Each structure stands twice: as C-alpha cells, then as structure tokens.
Amino acid sequence: MSTPLSAAAFFAAKLRHETDPADLAADRASGSSPLVVDVRSETAWAQGHIPGALHIPGPELQDRVGELGKDRSRAVVVYCWGPGCNGSTRAALTLSTLGFSQVRELIGGFEYWARVGFLVQRAAGRSRRLPDPLTAPSSRSVFG
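Scope of this entry: the structure provided in the associated data block. On a predicted model such as this, the values are computed, not experimentally measured, just so you know. (Residues numbered from 1 in each chain as written. Predicted model: local features only at pLDDT ≥ 70, side-chain atom pairs only at ≥ 80, totals over all residues. Heavy atoms only, no water.)

Points about the packing of aromatic side chains
Geometrically, a pair of aromatic rings is defined through the distance of the ring centres and the angle of the planes. All chains considered together, the criterion is met by four aromatic pairs. With 5.0 Å between their ring centres and 80 degrees between their planes, F10 and F11 make a pair best called edge-to-face. On the basis of relative accessibility, which here comes to 48%, the residue F11 falls in the partly exposed class. Ring geometry for Y79 against F110: centres 6.4 Å apart, planes inclined by 25 degrees, an arrangement best described as stacked. In this pair, Y79 is assigned in strand β4 (residues 76-79) and F110 in helix α5 (residues 109-116), connecting sequence segments 31 residues apart. Looking at F110, the relative accessible area reads 7%, which means it is buried. One aromatic cluster is present, built from ring pairs that chain together Y79, W81 and F110. Between R40 and the ring centre of W81, over which it is positioned, the NZ or CZ distance is 4.7 Å. Here the basic side chain of R40 rests over the ring of F110, its NZ or CZ set 4.5 Å away from the ring centre. (Phe/Tyr/Trp six-rings, centres within 6.5 Å; stacked < 30°, edge-to-face > 60°. Buried < 20%, exposed > 50% of the residue type's maximum accessible area, 1.4 Å probe, protein only. Helix = DSSP H or I, 4+ residues; strand = E, 2+ residues; numbered from the N terminus. Lys NZ or Arg CZ within 6 Å of the ring centre and 35° of its normal.)

Okay, structure coming up:
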C-alpha cells in the first residue's frame, strides 16, 4: 500500500507543474519567458493564440518534438482551449516522458488567457478584449 500524499506535498507539486495566465504574463514581461506551446488544432490556432507561442497540434507533438530545441531543461508551458480540455495535460505528459524536466500546464488555457484581457495574435494582427469580470479583478461588481 502506498503512502498517501500530504496536502502540502500535493499543492507544492501542483504549483511546480501549473501556471496561470497572470503568472505566465509576468514571466514574459520579466524576460524569463518559458517556451509556450499551443497544442490546439490548426483551426483553433487561426482563431487566435498567445503571441510568440509555438504551434504544434497535440497529436503531432511526439513527432515534432525537435522543434522545441535540444535543451530538455528549458521551461515549457503548454496550453489548449480551456479548463475543459485535457490536450495540454496530455502534451505535458508527453513532454515529461520525453525528458523535459520543467513542463507546466497553463490553467484555463487559451480561454482564460483571452478572457483576462491579455494580447491575442490573429492573422489580422494583435488585439485584446476587455477583461471578463469573472476571471479578472474589476472595479465593477458582477453581482450588481
């Protein structure tokens, strides 16, 4: 029988393997940006993606892993559509099994990135939307 993981150990591990849009944006602004990998489909990518992200659809990741470079200790953040999508979880598992030691999953994926109001890249250029008060602090109350 295995020893259960303590709450402290669980949450420490969770923080090592996940990041949220605000923390990713702060990392990028500080110049310590991880490699960001979008594992969604070509159609999803065309609808909008995080500027500077590398696009490798999840099913192609193992075959195209060389595009991430040779440094397996480099920080990598993977994302898919949103909180209901396990594509980034599968991608993080794939990269971890291929020897990448600093892989994190973006909590909420592209959906939360866009809803918080961070820049989005499309073929027509970059844009941002007003933050959704349910995902980003706002001076307006969502409850009236």
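Quick word on the sheet that holds strand β2 (residues 35-38)
Taken in spatial order, the five strands line up as β1-β5-β4-β2-β3 in an open sheet, and their pairing is parallel. The open sheet is flanked by β1 (18-19) and β3 (54-55), the only strands paired with a single partner. Where β4 meets strand β5 (residues 103-106), three bridges bridge the pair, whose relative direction is parallel. Within β5, the residue paired with V78 across the bridge is E105. (Pairing = 2+ DSSP bridges.)

Let's talk about the pairing of β2
Burial along β2 is two-sided: L35 and V37 and V36 and D38, pointing in opposite directions, are all buried. Note that β2 and β4 share four bridges and pair parallel. Bridge pairing in β4 links D38 to Y79. The sheet contact formed by β2 and β3 spans two bridges and is parallel. The residue bridging V37 from the neighbouring strand is L54, located in β3. For the crossover from β2 across helix α3 (residues 42-47) to β3, the handedness is right-handed. (Right-handed = clockwise from strand over helix to strand, strands pointing away.)

Observations regarding a nonpolar patch on the surface
Side chains of L5, F10 and F11 sit close together on the surface and give an oily, nonpolar patch of about 330 Å² of accessible area. You can call F10 partly exposed: its relative accessible area is 41%. (Patch = residues over 30% accessible without salt bridge, like charges linked within 9 Å, V, L, I, M, F, W, Y side chains within 5 Å. Areas by Shrake-Rupley, 256 points an atom, 1.4 Å probe, with all protein chains shown as cover. Salt bridge = Lys/Arg side-chain N within 4 Å of Asp/Glu carboxyl O.)

With respect to helix α4 (residues 87-97)
All buried positions along α4 are accounted for by G87, S88, A91, A92 and L95. Along α4, the residues classed as buried sweep out an arc of 130 degrees about the axis, all on the same side. Turned more than 90 degrees off the buried face of α4, the exposed positions are R90, L93 and T97. Of the surrounding secondary structure, the elements contacted by the buried residues of α4 are β4 and β5. Where α4 terminates, the next one or two residues include G99, which has phi positive at roughly 100 degrees. (Arc of directions from axis to C-beta. Contact = heavy atoms within 4.5 Å.)

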